[in-house]
Amino acid sequence: QVQLVESGGGLVQAGSSLRLSCVASGRTSRTYAVTWFRQAPGKEREFVETIRFSNDQTYYDDSVKGRFTASRDSAKNTVYVQMNNLMAKDTADYYCAALKGGPVPNYRQPDSYECWGQGAKVTVAS
């Protein structure tokens, strides 16, 4: 089993930046990808971005493309999301989730993931 812990959330003004971290521990050796989701009150959990470990290929939801950047530091077992030009619509709880072993048909869907962090709250004041 792999354990994930998010950190770096907070309250910021619109136009500001944050970097969230997702630190993995436990059985991390077969991680295929780590994906960020977010969930605002009253809304479904939605895909934000993903990074594939084999080649660091990234994919972004259109809502964050050009503003958010996924990266990782394998030595620290950590995946990051750099969040620039934050907007009020980015306010949500942010979760990282891990895929083990290989790809899945629907990587954008939360149901494809079994390993989740506890979440980090991001609030963007307008």
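Residues numbered from 1 in each chain as written. Predicted model: local features only at pLDDT ≥ 70, side-chain atom pairs only at ≥ 80, totals over all residues. Heavy atoms only, no water.

A. Expanded view of the state of the cysteines. For the coordinates displayed, the defined rule picks out 1 disulfide. Residue Cys-22 pairs covalently with Cys-96 via a disulfide, S to S 2.0 Å. Where Cys-22 bonds to Cys-96 through sulfur, the torsion about that S-S bond is close to 75 degrees, and the disulfide is right-handed. Of this pair, Cys-22 sits in strand β3 (residues 18-26) while Cys-96 sits in strand β9 (residues 92-100), and the two are 74 residues apart along the sequence. Residue classification places Cys-96 among the buried residues on the basis of a relative accessible area of 0%. (Disulfide = S-S within 2.5 Å. Helix = DSSP H or I, 4+ residues; strand = E, 2+ residues; numbered from the N terminus. Buried < 20%, exposed > 50% of the residue type's maximum accessible area, 1.4 Å probe, protein only.)

B. Main features of the sheet that holds strand β7 (residues 68-73). The sheet built from 4 strands is open, its strands ordered β1-β3-β8-β7 with antiparallel pairing. Edge strands, defined here as strands with exactly one partner in the open sheet, are β1 (2-7) and β7. Between one strand axis and the next, the sheet turns through 20 degrees on average, direction left out of account. Pairing of β1 with β3 involves 6 bridges; the strand directions are antiparallel. Paired with Val-2 across the bridge in β3 is Gly-26. (Pairing = 2+ DSSP bridges. Axes fitted to C-alpha atoms, helices over the stretch in contact; angles between N-to-C directions.)

C. Region of interest: the layout of surface pockets. Roughly 160 Å³ of internal volume is contained in the largest pocket. Those elements that provide at least two residues to the lining of the largest pocket are β1, β3, β4 (31-39), β7 and β8 (78-83). Each residue belonging to the lining of the largest pocket can be placed in one class, and the counts come to 8 nonpolar, 5 polar and 2 charged. (1 Å grid on protein atoms, 1.4 Å probe; cavity = no way out; pocket = protein on both sides within 12 Å on 5 of 7 lines; lining within 4 Å. Points joined across faces, edges and corners; volume = space filled by probe spheres on them. Nonpolar A, V, L, I, M, F, W, Y, C, P; charged D, E, K, R; others polar.)

D. Inspection of unusual backbone geometry at higher detail. If you check the backbone angles, Asp-56 has positive phi at about 60 degrees while not being a glycine. Considering the arrangement of structural elements, one finds Asp-56 in the loop between β5 (46-52) and β6 (58-60). Looking at Asp-56, the relative accessible area reads 40%, which means it is partly exposed. At Asn-85, a residue that is not glycine, the phi angle is positive and equals roughly 50 degrees. The residue Asn-85 is located in the loop between β8 and β9 in this model. Overall, the relative accessible area of 44% leaves Asn-85 in the partly exposed class.

That is the geometry; function is a separate question.
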